[in-house]
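Geometric and topological summary
As a plain string of letters, each chain reads:
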Amino acid sequence: MTFPAEVQIPTQDLFRLDGRSIFISGGAGAVGTTIGKAILESGGDAVFSDMVSSPDPDTWKSLEDTATKNGTKAWYHQLDITDAESVPKVFDDIRKELRFPFRGLVACAGISGECDACDYPIDVFRKIVDVNLTGTFLITQAVAKEMHAAEVTGSMVLIASMSGLVANKGINTAPYNASKSAIHQLTRSLAAEWGHPQNTFPGRTPGDANPNPNEERKPYPPIRVNSVSPGHIETPITGAAKQRGLVSQWEKQNMLGRISQAEEYRAPILFLLAPGSSFMTGADLRVDGGHCAW
Ligand SMILES: NC(=O)c1ccc[n+]([C@@H]2O[C@H](COP(=O)([O-])OP(=O)(O)OC[C@H]3O[C@@H](n4cnc5c(N)ncnc54)[C@H](O)[C@@H]3O)[C@@H](O)[C@H]2O)c1
């Protein structure tokens, strides 16, 4: 069973998200709030989630105003994406509020940390991998289950980084870089499984990870999964790097001679979420001012 593409969509609607809900992890952060606003402006309802108890009040007011102006809706839910027990509970709460089923995910939550590899504290290393990789997986799993239960197609955008493709000059972030590289491979793996049931062998070998090997494999509408790999972005986090003179070095490392603004990721992410990218899955969209091409 394959799903036909929606090819008759008018060109001006290729980036529209009407009639769907989109989940955003890291939704109180710089990229998460910027993308969330763009989703609300593009007709989608947005569920912002983050580990902080509430988003910045001024930012949230502006997001609610955007939703009202565009006839869309915004919700905020506190969620630590590494808390495997809380994830399904929070989704049980969210489901009751939605007007439309989830058909999109933007996985923005992420942390970094700088230390020489020889001295890297192992608990910090594990934490970075836990948030950036395992937490991202838990969210994709929860959203895929929502899409399967509602029998709808969907699109997931996992925010990776150019640091998953190259090591950063002048800053020692081994676990961050490794975790972002893992996001590229997670993207391909989930895209393969959720694009069509014939893409992978049914798991017939019993084991701890596969307790029901003979369970019938149900075909679901396809979920597309892609990643975006940003280059350096000017966010509150880069403030410290600026003081150390790192930003002026980064500017020289890409072809446009500057670092990016969070707003420049709106179009790439909307494109991947929306029907305009209907034949794109398992891909990484690198948006880095040419950093990795140089
Ligand atoms: N800023 C950059 O230069 C840059 C470059 C490439 C990629 N990225 C990636 O873009 C994404 C967004 O980054 P940003 O610049 O907006 O950073 P940010 O710190 O502003 O946003 C990240 C958000 O994730 C949240 N978060 C952290 N741990 C969490 C957890 N366990 N559960 C739930 N939420 C959690 C934080 O509270 C924060 O609000 C990240 O994945 C980051 O790695 C950023």
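An unreviewed UniProt entry lists the chain under the name NAD(P)-binding protein, with Periconia digitata given as the organism. The Sequence similarities (unreviewed entry) field of the UniProt record for the chain holds the comment "Belongs to the short-chain dehydrogenases/reductases (SDR) family."

Look at helix α1 (residues 30–41) against helix α2 (residues 57–70): their axes get within 8 Å of each other, and the N-to-C directions meet at 15 degrees. By the angle class used here, α1 and α2 are roughly parallel. For the crossing formed where α1 meets α2, the hand is right-handed. Residues T33, G36, K37, L40 and E41 of α1 lie in contact with α2, whose contacting residues are T59, S62, L63, T66, A67 and N70. For the contact of α1 with α2, the residue count by class is three nonpolar, six polar and two charged.

With that settled, consider the nonpolar core. F23, I139 and M156 are the most contacted members of the largest nonpolar core, which has 31 residues in total. Elements that contribute at least two residues to this core include exactly α3 (86–97), β4 (102–107), α4 (122–150), β5 (154–159), α5 (174–195) and β6 (223–230). Here this core takes six residues from α4, the largest share from any one element. Once residues within four sequence positions are removed from consideration, M156 is found in contact with L105, T140, V143, A144, M147, W194, I223, R224, V225 and N226. Listed in part, the 28 residues of the second largest apolar core include I22, A38, V228 and L273.

So, on to the environment of E97. Tracing the chain through its elements places E97 in helix α3. Residues E97 and E6 lie 91 residues apart in sequence; the distance between their C-alpha atoms is 28 Å. Leaving out residues up to four positions away in the same chain, E97 has contacts with W75 and H77.

Let us now look at the site of the ligand. In the neighbourhood of the ligand, 26 residues make up the surrounding shell, with A30, V31, D50, Y176 and K180 lying closest. C108 is positioned with one of its backbone polar atoms (N or O) 2.9 Å from an oxygen atom of the ligand. When isolated, the ligand has an accessible area of 830 Å², and the protein chains bury 87% of it. Among the cavities detected, the one that contains the ligand is the largest pocket. Within the residue set of the shell around the ligand, elements represented by two or more residues are α1 and α5. Here the shell around the ligand is built from residues that sort into 16 nonpolar, seven polar and three charged.

A few words now on the layout of surface pockets. Of the pockets and cavities examined, the largest pocket occupies roughly 1200 Å³. Looking at the largest pocket, it is lined by 48 residues, and the ones nearest its centre are G110, I111, S112, Y176 and I237. Residue assignment for the lining of the largest pocket shows that the elements contributing at least two residues are α1, α4, α5, β6, α6 (238–243) and α7 (246–252). Here the lining of the largest pocket is composed, by residue class, of 27 nonpolar, 15 polar and six charged.

At a minimum axis separation of 10 Å, α3 and α4 run at an interaxial angle of 40 degrees. Relative to α4, α3 is oriented oblique. Crossing of α3 against α4: the hand is right-handed. Facing V87, F91 and R95 of α3, the residues of α4 in contact are L138, I139, A142, V143 and E146. Of the residues belonging to the contact of α3 with α4, the class tally is six nonpolar, no polar and two charged.

Even without being glycine, E151 reaches a positive phi, approximately 55 degrees. Of note, E151 is situated in the loop between α4 and β5. The partly exposed category is assigned to E151, whose relative accessible area is 46%.

Time to look at the side chain of S42. Its location among the elements puts S42 in the loop between α1 and β2 (45–50). Each residue touching S42, except ones within four places of it in the same chain, is listed here: F15, R16, L17, D18 and L270.

What counts as what
- Residues numbered from 1 in each chain as written.
- Predicted model: local features only at pLDDT ≥ 70, side-chain atom pairs only at ≥ 80, totals over all residues.
- Heavy atoms only, no water.
- UniProt positions renumbered as here; feature names shortened; annotations may be inferred.
- Axes fitted to C-alpha atoms, helices over the stretch in contact; angles between N-to-C directions.
- Helix = DSSP H or I, 4+ residues; strand = E, 2+ residues; numbered from the N terminus.
- Parallel < 35°, antiparallel > 145°, perpendicular 65-115°, else oblique.
- Left-handed = near helix turned anticlockwise from the far one by under 90°.
- Contact = heavy atoms within 4.5 Å.
- Nonpolar A, V, L, I, M, F, W, Y, C, P; charged D, E, K, R; others polar.
- Core = buried A, V, L, I, M, F, W, Y, C linked by side-chain atoms within 4.5 Å.
- Buried < 20%, exposed > 50% of the residue type's maximum accessible area, 1.4 Å probe, protein only.
- Near = heavy atom within 4 Å.
- Polar contact = N/O pair within 3.5 Å; in protein donor to acceptor, adjacent residues only side chain to side chain.
- Areas by Shrake-Rupley, 256 points an atom, 1.4 Å probe, with all protein chains shown as cover.
- 1 Å grid on protein atoms, 1.4 Å probe; cavity = no way out; pocket = protein on both sides within 12 Å on 5 of 7 lines; lining within 4 Å.
- Sits in = over half its atoms within 2 Å of the grid points.
- Points joined across faces, edges and corners; volume = space filled by probe spheres on them.

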